[in-house]
Amino acid sequence: MNTPGRFVHGGDLQRLAAERRLDPRDLIDFSSSINPLGPPPVVQQVLANALELVKVYPDSNSRALRHKLAQAWSVPEASVLVGNGTTELIFLIARAMKSHTVAIFGPTFSEYERAAKMAGAHVEHLLSTAETNFSWNLTDHAKRVLAQSPLCFLCNPNNPTGAVISREQSLRLVESFPQTLFVVDEAFLDFLPDPGEVSMLPYTKTHSNLLVLRSFTKFYSIPGLRLGMVVGDPRRIRFLEAYKEPWTVNGIALAIGERLVEEKAFGASTRAWLPLQRASLVAALKEMVGLTPIPSEANFVLVKIDRCGIHAPWLQECLLREKIVIRDASNFEGLDPSYMRLAVKNSLQNEILVTALRQLLASSHELSTLGQ
Ligand SMILES: Cc1ncc(COP(=O)(O)O)c(C=O)c1O
């Protein structure tokens, strides 16, 4: 049977801990890119009264949250749809669009491919490479593919490369291929210094072949709660709604979402924290012979391992013994075992990772010189 692919992601702490008889709470997780400053205090405040919220069905139309999001993003309420994380919405879009071919700019988040394949589509990967630091070029091949693809996924900033494409580039793409529905996944966009400069949200009002995905799970550190949104032309949103199951977003997530839209200080402190911590992590990685961090504007860094006998699965296994979890990036289409992805965490945690990596690389060097 032709299966759409296996579920492999970062943050799979329960499995890793169970396999090694560890307590998942003892692990330092660099494999999933969650904001270490969160969740903001309002989450705790809503949870304190959460019992009332679980006694009733949640509003299946997420009216109050939609209203607040629409105000915050200056878009009509009818152009917002809330989901149980953006993952639900990615699958919903693929299922509803029934596209024969889906183009995916990669290497990127694997669920676009799984969603497309589960909807019966043929997938065309438009892959960037290390030679261009994983920035995308619109090659003749990409143009041919896009002209024949009714649906295209583009992740900005991109997971796992951390590359950002400018609003001008995204807009050129959307306008050059009016027959293609572009789904721009902005799950990590809030981590940029000025998200408003890059976001495609304003263009959902003028370009009906554009859908923008937003997620609250990474930035506000609520992956266990699940909350994501899709924004687009109201007719398209109504069409998607017709394919969506009711009550997928629980009442606690809705109530917390409403409070998070109003949150300002948390966003500011996150955007002050990230550039400093990422710069010091990258500088420490660059000092280690055989590791090349790929320039990233996001809260994670893809690292190329260029050293004889060392690859990401090995590093992952060794670091686990130190209770550190990294993301072996080899299963991203277009990458291989010479790539790992590291989340940026707080300074103490980053230091623990850097020290462990230094020791591992030094001991592997000693072993290889002994063998000569
Ligand atoms: C690019 C990207 N989009 C979406 C998601 C899923 O986010 P959510 O938790 O909102 O479903 C992920 C999760 O890793 C991701 O990397």
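About the criteria used
In this convention, every chain numbers its residues from 1, walking through the sequence in written order. Predicted model: local features are reported for residues with pLDDT of at least 70 only, side-chain atom pairs are reported and counted for 80 or more only, and whole-chain, interface and lining totals are derived from all residues. Only hydrogens and water are set aside when side-chain values are computed; all heavy atoms of the structure are taken into account. Only rings of Phe, Tyr and Trp enter the pairing, Trp through its six-membered ring, and a pair is recorded when the two centres are within 6.5 Å. The plane angle decides the type: under 30 degrees is stacked, over 60 is edge-to-face, the rest tilted. Only DSSP runs of H or I reaching four residues or more are called helices, and only runs of E reaching two or more are called strands; each is numbered from the N terminus. A ring is scored as having a charge over it whenever the NZ atom of a lysine or the CZ atom of an arginine sits within 6 Å of its centre and within 35 degrees of its normal. Only protein chains enter the accessibility calculation, which uses a 1.4 Å probe. A residue is then buried if its area is under 20% of the maximum for its type, exposed if over 50%, and partly exposed in between. Consider each residue's heavy atoms; a residue with any of them within 4 Å of a molecule or strand counts as near. N or O atoms within 3.5 Å of each other form a polar contact, as long as, within protein, one can give a hydrogen and the other can take it, and as long as residues adjacent in sequence are counted only when both atoms are side-chain atoms. For the area figures, the Shrake-Rupley method with a 1.4 Å probe applies, and any residue is considered shielded solely by the protein chains shown. Three classes are used, and their members are as follows: Ala, Val, Leu, Ile, Met, Phe, Trp, Tyr, Cys and Pro are nonpolar, Asp, Glu, Lys and Arg are charged, and the others, Gly among them, are polar. The arc in question is formed by the directions pointing from the helix axis toward the C-beta atoms. Lines fitted to C-alpha atoms define the axes, with helix axes restricted to the stretch in contact, and inter-axis angles between N-to-C directions lie between 0 and 180 degrees. Oblique is the label for every angle not falling under 35 degrees (roughly parallel), over 145 degrees (roughly antiparallel), or within 65 to 115 degrees (roughly perpendicular). Note on contacts: a residue pair qualifies if any of its non-hydrogen atoms lie within 4.5 Å across the two residues. Here, a strand pair is defined by DSSP locating no fewer than two bridges between the strands. The charge count treats Lys and Arg as positive and Asp and Glu as negative. His and the chain ends do not count. Salt bridges are defined as contacts in which a side-chain nitrogen from Lys or Arg sits within 4 Å of a carboxyl oxygen from Asp or Glu.

Give me the lowdown on the packing of aromatic side chains, citing residues and values where you can.
In this structure the tally under the stated criterion is 13 aromatic pairs. Residues Y57 and W247 carry aromatic rings whose centres are separated by 4.6 Å and whose planes lie at 45° to one another, so their mutual orientation is tilted. Separated by 190 residues along the polypeptide, Y57 in the loop between α3 (50-54) and α4 (63-73) and W247 in the loop between α10 (234-241) and α11 (251-261) bring together distant segments of the chain. Through a chain of ring-to-ring contacts, the aromatic side chains of F188, F191, F216, F219, Y220, F266 and F300 assemble into a single cluster. Looking at R341, its charged tip hangs above the ring of F300, at a distance of 5.9 Å from the centre. One Lys or Arg, K345, reaches over the ring of F30 and ends 6.0 Å from the middle of that ring.

Account for the environment of E351, with residues named and values stated.
By the secondary structure assignment, E351 is in helix α14 (residues 347-370). For E351, a relative accessible area of 43% translates into the label partly exposed. Separated by 227 residues in sequence, E351 and E124 place their C-alpha atoms 40 Å apart.

Which residues make up the site of the ligand, and what values go with them?
Close to the ligand lie 14 residues, the nearest being T87, N159, D185, S215 and R226. In this structure, T86 approaches the ligand through a main-chain N or O atom, which is 2.8 Å from an oxygen atom. At 2.9 Å, a side-chain N or O of K218 approaches an oxygen atom of the ligand. Burial of the ligand by the protein amounts to 90% of the accessible area it has alone, namely 390 Å². Residues belonging to the shell around the ligand are distributed by class as follows: 5 nonpolar, 6 polar and 3 charged.

Before we move on, can you summarise helix α8 (residues 167-176) with the specific residues and values?
Taken together, the buried positions of α8 are occupied by R167, S170, L171, L173 and V174. The buried residues of α8 occupy an angular sector of 160° when the element is viewed end-on, so they sit on one face. The outward face of α8, more than 90 degrees from its buried face, is lined by the exposed residues E168 and R172.

Explain unusual backbone geometry to me, using residue names and the numbers behind them.
Cis rather than trans, the peptide bond between G106 and P107 has omega equal to 0°. For the bond running from N156 to P157, omega is -5°, close enough to zero to count as cis. For P157, the position within the fold is in the loop between β5 (151-155) and α8. Residue S62 is not a glycine yet carries a positive backbone phi of 45°. Tracing the chain through its elements places S62 in the loop between α3 and α4. Residue S221 is not a glycine yet carries a positive backbone phi of 60°. By the secondary structure assignment, S221 is in the loop between β7 (210-215) and β8 (228-232).

Outline the packing of helix α5 (residues 86-97) against α10, supporting the account with residue identities and numerical values.
Running from N to C, α5 and α10 cross one another at 90°; their axes reach a closest spacing of 9 Å. Taken together, the axes of α5 and α10 are roughly perpendicular relative to one another. Across the interface between the two elements, L92, I93, A96 and M97 from α5 touch R236, F239 and L240 from α10. Counted by class, the contact of α5 with α10 contains 6 nonpolar, no polar and 1 charged residues.

Tell me about the sheet that holds strand β4 (residues 122-127), and please be specific about residues and values.
Across the sheet, which stays open at both edges, the 7 strands sit in the order β2-β8-β7-β6-β5-β3-β4 with mixed pairing between neighbours. A single partner strand is all that each edge strand has here, and the edge strands are β2 (80-83) and β4. Strand-to-strand twist of the sheet, defined as the mean angle between neighbouring strand axes without regard to direction, takes the value 20°. Pairing of strand β3 (residues 101-106) with β5, which is carried by 3 bridges, proceeds in the parallel orientation.

Residues and numbers for the side chain of E263, please.
When you line up the elements, E263 lands in the loop between α11 and α12 (265-286). Buried and without a salt bridge, E263 has R259 as its closest oppositely charged side chain, separated by 7.2 Å. One polar contact links the side chain of E263 to the main-chain amide nitrogen of F266, over a distance of 3.1 Å. Residues in contact with E263, not counting those within four places in the same chain, are P40, V42 and Y220.

Describe the pairing of β7, with residues and values.
Remark: a regular strand shows side chains that alternate across the two faces of the sheet. Most of β7 is tucked away: 6 of the 6 residues are buried. Along β7, one buried face is formed by L210, V212 and R214 and the opposite face, lined by L211, L213 and S215, is buried too. Alignment of strand β6 (residues 181-185) against β7, held across 4 bridges, turns out to be parallel. When the bridges of β7 are listed, F182 appears paired with L210. Note: β7 against β8, 5 bridges, orientation antiparallel. Its bridge partner being in β8, L213 is matched across the sheet by V230.

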